[in-house]
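Take a look at the letters that make up each chain.
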Amino acid sequence: MRRRLGPAALILTGALALAGCGDSDSGSGSADGKAELSVGSAYMPQPVSDEMAAGFFTVTNKGGAADELTSVTSDVAGQVTVHETVGGAMREVKDLKVPAHGELVLKSGGDHLMFEQLKRKPKEGQTVTVELRFARSGPVKVEMPVKSATYSPKT
């Protein structure tokens, strides 16, 4: 079975290749109504539990159309679920919106990933690979460094 890359996958590949290249005036926004996604600031605090871990990152969309993060997989966990935090309460959701010309920010105390049924307990200094799947764009592989359990990114 031969798989063909669609236009969204080609745009995503180009956006990822160019992430960090050029300046804010380079006109990288999409006028044709497609999402242009890139992922940055990814990390996993070293889990304190043998069974669960959390993950955080930012998805930036420079395109003119919104998208949704619909699922995540990783070889380190039996299951990875997407959670939102509303009013201090965490709940699993089917997807998280990535607005056009905006960001989806997963952070401690906010929206985040939960790695469940850990197959191994990641240690600080290691890297965990995840695959993000979106409603409209192609999948994105992300290398997520494992930081100390108390790590807090600079804002």
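See above for the structure.
Engineer: Just checking my understanding: could you explain the packing of aromatic side chains for this structure?
Structural biologist: Describing an aromatic ring pair means giving the distance of the ring centres and the angle of the ring planes. Enumeration according to the criterion identifies 2 aromatic pairs in this entry. Here the aromatic rings of Y43 and F56 are separated by 5.2 Å at their centres, their planes lie at 40°, and the arrangement is tilted. Of this pair, Y43 sits in strand 1 (residues 37-45) while F56 is found in strand 2 (residues 52-61), placing the two residues 13 residues apart along the sequence. Among the residues examined, Y43 registers a relative accessible area of 5% and is labelled buried. A centroid spacing of 4.8 Å and a plane angle of 75° characterise the contact between Y43 and Y151, whose relative ring orientation is edge-to-face. Linking Y43 in strand 1 with Y151 in the segment after strand 10 (140-147), this pair joins segments that are 108 residues apart in sequence. Overall, the relative accessible area of 32% leaves Y151 in the partly exposed class. Ring pairs connect the aromatic residues Y43, F56 and Y151, which therefore count as one cluster.

Engineer: What is the right way to look at unusual backbone geometry in this model?
Structural biologist: As a rule of thumb, non-glycine residues mostly have phi less than zero, and peptide bonds are mostly trans rather than cis. Even without being glycine, S41 reaches a positive phi, approximately 55°. Relative to the helices and strands, S41 resides in strand 1. Non-glycine residue H101 carries a positive phi angle of around 55°. By the secondary structure assignment, H101 is in the loop between strand 6 (96-98) and strand 7 (102-106). Residue H101 is classed as exposed on the basis of its relative accessible area of 55%.

What counts, and at which threshold
- Residues numbered from 1 in each chain as written.
- Predicted model: local features only at pLDDT ≥ 70, side-chain atom pairs only at ≥ 80, totals over all residues.
- Heavy atoms only, no water.
- Phe/Tyr/Trp six-rings, centres within 6.5 Å; stacked < 30°, edge-to-face > 60°.
- Helix = DSSP H or I, 4+ residues; strand = E, 2+ residues; numbered from the N terminus.
- Buried < 20%, exposed > 50% of the residue type's maximum accessible area, 1.4 Å probe, protein only.

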